[in-house]
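Spelled out, the chains give:
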Amino acid sequence: MRTLKVLTGGLAFPEGPRWRDGKLFFSDMHAHQVLAVDMAGKREVICEVPARPSGLGWSPEGRMLVVSMTDRKLMRLDPDGLKTVADLSKLAPFDCNDMVVDARGRAYVGNFGFDLHGNAQPRSTTLVMVAPDGIARIVAEELMFPNGMVITPDGKTLIAGETFGARLTAFDIGSDGSLTNRRVWAELGNSPPDGICLDAENAIWVACPTMSEVIRVKQGGEVAERIKVETDAFACMLGGADGRTLFVATAPNSDPDKCRASRNGRIEITQVEVPRAGLP
């Protein structure tokens, strides 16, 4: 059985991990910061995001893109600070959430769809695509809390986790960024998906909040592996020098006030056999 060790702790609520340039970048959502940590555990603050950061990505030019949650904006980190790329408040009914950015710089941004922490009734919502020029449009609807997303290395397929649908849903990506041919990639039963990442065998690692585990899922729904966590798992990412380090963002819960008070969030790591997708 694989065990996890703590790379860095004392976080409010880590989310949106991304491996780049020898470091893991992630959002400490309820601390309003984007951070980076190296494999030695050395941590740095990349930027402050007053309206709470979530999904991260990079433009083709190498500029970091950050989802700003409560004001529902996509931001870009320029040398002189964060700048607004697109205001999504008319397209996303509630707080924006995770994001994936394709090789052309198109950002796909999910949103809650309802007041999660206010205990509102779950309802379906939209997935928004922001083009590099900042023009945003809805590319999918009727999704139950679109959350973690991946794009296959060939750039042809987007797979999104629907947290309140307990499934992974796939789309074909058109030349203009449109999403078509919606289909179920995997039903997950009692394992709601949050953050996800894709490995070189086209299996998906899924962080499952409320189940205290990360699972490796094959297309069709077969669970090939389970890794238990001490608290709860909210996101995961493959990285490290050989792409075989699995980073897991963990916390006891997602309540903003409790997370800020306890600071029990962690980035935990373990080694796996299959590296991340897209390696040479």
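It should be noted that the structure appears before, not after, this text.
All values reported here derive from a predicted model rather than from experimental measurement. (Residues numbered from 1 in each chain as written. Predicted model: local features only at pLDDT ≥ 70, side-chain atom pairs only at ≥ 80, totals over all residues. Heavy atoms only, no water.)

*Asks:* Is there a simple way to explain the nonpolar core in this structure?
*Replies:* The nonpolar side chains of soluble globular proteins are, as a tendency, buried together. In this structure, Leu24, Trp205, Val214, Leu246 and Ile267 are the most contacted members of the largest nonpolar core, which totals 26 residues. Elements with a contribution of two residues or more to this core: β1 (5–11), β3 (23–28), β4 (33–37), β19 (204–208), β22 (232–239), β23 (245–251) and β24 (265–271). Residues in contact with Leu246, not counting those within four places in the same chain, are Cys197, Trp205, Val214, Ile227, Cys236, Met237, Leu238, Glu268, Ile269, Thr270 and Val272. (Core = buried A, V, L, I, M, F, W, Y, C linked by side-chain atoms within 4.5 Å. Buried < 20%, exposed > 50% of the residue type's maximum accessible area, 1.4 Å probe, protein only. Helix = DSSP H or I, 4+ residues; strand = E, 2+ residues; numbered from the N terminus. Contact = heavy atoms within 4.5 Å.)

*Asks:* In this structure, what is going on with the sheet that holds strand β9 (residues 81–87)? I would like to understand it.
*Replies:* In sheet architecture, strand pairing relies on hydrogen bonds along the backbone and comes in two forms, parallel and antiparallel. One open sheet holds the four strands; their spatial order is β6-β7-β8-β9, and the pairing between them is antiparallel. Two strands lie at the open edges of the sheet, namely β6 (53–58) and β9, each paired on one side alone. On average, each strand axis in the sheet is tilted by 30 degrees relative to the strand beside it, whichever way the strands run. Inspection of the sheet shows β6 paired to strand β7 (residues 64–68) by four bridges, in the antiparallel sense. When the sheet's bridge partners are listed, Gly57 is paired in β7 with Leu65. (Pairing = 2+ DSSP bridges. Axes fitted to C-alpha atoms, helices over the stretch in contact; angles between N-to-C directions.)

*Asks:* Teacher, can you tell me more about the pattern of salt bridges here?
*Replies:* A side chain of one charge can pair with a side chain of the opposite charge when the charged atoms of the two come close. By the definition in use, this model includes 22 salt bridges. Ionic pairing is found between Lys228 and Glu213, a salt bridge with its closest N-O pair at 3.7 Å. On the criterion of sequence distance, the pair formed by Lys228 in strand β21 (residues 223–228) and Glu213 in strand β20 (residues 213–217) is long-range, its members being 15 residues apart. Relative accessible area serves as the criterion here: at 49%, Lys228 is assigned to the partly exposed category. (Salt bridge = Lys/Arg side-chain N within 4 Å of Asp/Glu carboxyl O.)

*Asks:* Hey, could you run me through the sheet that holds β24 in this one?
*Replies:* Taken in spatial order, the four strands line up as β1-β24-β23-β22 in an open sheet, and their pairing is antiparallel. Unpaired on one side and paired on the other, β1 and β22 mark the two borders of the sheet. Sheet twist, expressed as the average angle between the axes of neighbouring strands with direction ignored, equals 20 degrees. When β23 meets β24, the two strands line up antiparallel, connected through six bridges. Paired with Ala249 across the two strands is Ile267, which belongs to β24.

*Asks:* Is there a simple way to think about the environment of Ala12 in this case?
*Replies:* Among the secondary structure elements, Ala12 is positioned in the loop between β1 and β2 (14–20). For the pair Ala12 and Pro256, spaced 244 residues apart in the sequence, the C-alpha separation amounts to 8.2 Å. In this structure, Ala12 is in contact with Asp28, His30, Ala31, Ala251, Cys259, Arg260, Arg263 and Gly265, ignoring residues within four places of it in sequence.

*Asks:* Looking at this structure, how should I read the pairing of β4?
*Replies:* Looking down a regular strand, the side chains alternate between one sheet face and the other. The buried fraction of β4 amounts to five of the five residues, a majority that puts the element mostly inside the structure. Of the two faces of β4, the one lined by Gln33, Leu35 and Val37 and the one lined by Val34 and Ala36 are each fully buried. For β3 and β4, the ladder comprises five bridges, and the chain directions are antiparallel. Along β4, the bridge assignment pairs Asp28 with Gln33. Between the antiparallel neighbours β3 and β4 lie four residues, among them His32 with a positive phi of about 65 degrees. Pairing analysis gives five bridges linking β4 to strand β5 (residues 43–48), with the strands arranged antiparallel. Note that in β5 the partner of Gln33 across the bridge is Glu48.

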